[in-house]
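Okay, here's what each chain looks like letter by letter:
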Amino acid sequence: QVQLVESGGGLVQPGGSLGLSCVASGSIFGISVMGWYRQAPGKQRERVAVITNDGSTDYADSVKGRFTISRDNANNTAYLQMNNLKPEDTAVYSCFANIRTSWRGNQYTYWGQGTQVTVSS
């Protein structure tokens, strides 16, 4: 059984910073990709940032230069540092991880519970 637990988020003023973390636990053989999606009311879900197990990253154009994703492979944890936040960054942020639970097993995508990020003055 695998669980992803997110923490962080909250309310911040425009131009401020917030950090999110996502910890995977349980029966984990390996994690290939971790990252975050976000969804604002009335908008499509958007992939924000992803990181592979070798540290390669990719970002949505809307967050490039402001958000940084990192990862601690030893502790199955990913981090998203969000700087210079804008009101349009307001959304529910959900982390995900592509996880294999055994060396012969298939890879499945697991999701965190989601956390609200609100950018407002």
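Refer to the structure printed above.
Residues numbered from 1 in each chain as written. Predicted model: local features only at pLDDT ≥ 70, side-chain atom pairs only at ≥ 80, totals over all residues. Heavy atoms only, no water.

Caption draft 1: Representation of the overall build of the chain within the structure. Per the secondary structure count, the chain includes zero helices and 11 strands. Its helices and strands taken in sequence order, the chain reads β-β-β-β-β-β-β-β-β-β-β from the N to the C terminus. Relative to its length of 121 residues, the chain is compact, with a C-alpha radius of gyration of 14 Å against a globular reference of 14 Å. Summarising its shape, the C-alpha atoms of the chain cover approximately 50 × 25 × 25 Å along the three principal directions. In the chain, buried positions account for 39% of the 121 residues. Contacts in the chain between residues far apart in sequence, at least 24 positions, make up 56% of those at least 6 positions apart. (Helix = DSSP H or I, 4+ residues; strand = E, 2+ residues; numbered from the N terminus. Rg over C-alpha atoms; globule rule 2.2 N^0.38 Å. Buried < 20%, exposed > 50% of the residue type's maximum accessible area, 1.4 Å probe, protein only. Contact = heavy atoms within 4.5 Å.)

Caption draft 2: A look at the state of the cysteines. In total, this model carries one disulfide according to the counting rule given. Residue pairing for C22: its cysteine sulfur links by disulfide to C95, the two sulfurs lying 2.1 Å apart. Its S-S torsion of approximately 60° makes the covalent link between C22 and C95 right-handed. Pair noted here: C22 is in strand β3 (residues 18-26) and C95 is in strand β9 (residues 91-100), with a separation of 73 residues, a long-range link. By relative accessible area, which is 0% here, C95 ends up buried. (Disulfide = S-S within 2.5 Å.)

Caption draft 3: Representation of the packing of aromatic side chains in the model. Taken as a whole and judged by the stated rule, the model has three aromatic pairs. Seen in terms of ring centroids, F96 and W111 are 5.6 Å apart; in terms of plane orientation they differ by 45°. Their pairing is tilted. A residue pair is termed long-range when its members are at least 10 positions apart, and F96 in strand β9 and W111 in strand β10 (residues 107-111) qualify at 15 residues. For F96, a relative accessible area of 6% translates into the label buried. Residue W111 is classed as partly exposed on the basis of its relative accessible area of 36%. Among the aromatic residues, those joined into a ring-pair cluster are Y37, F96 and W111. A cation over an aromatic ring shows up here: R45 above the ring of Y37, its NZ or CZ 4.4 Å from the ring centre. (Phe/Tyr/Trp six-rings, centres within 6.5 Å; stacked < 30°, edge-to-face > 60°. Lys NZ or Arg CZ within 6 Å of the ring centre and 35° of its normal.)

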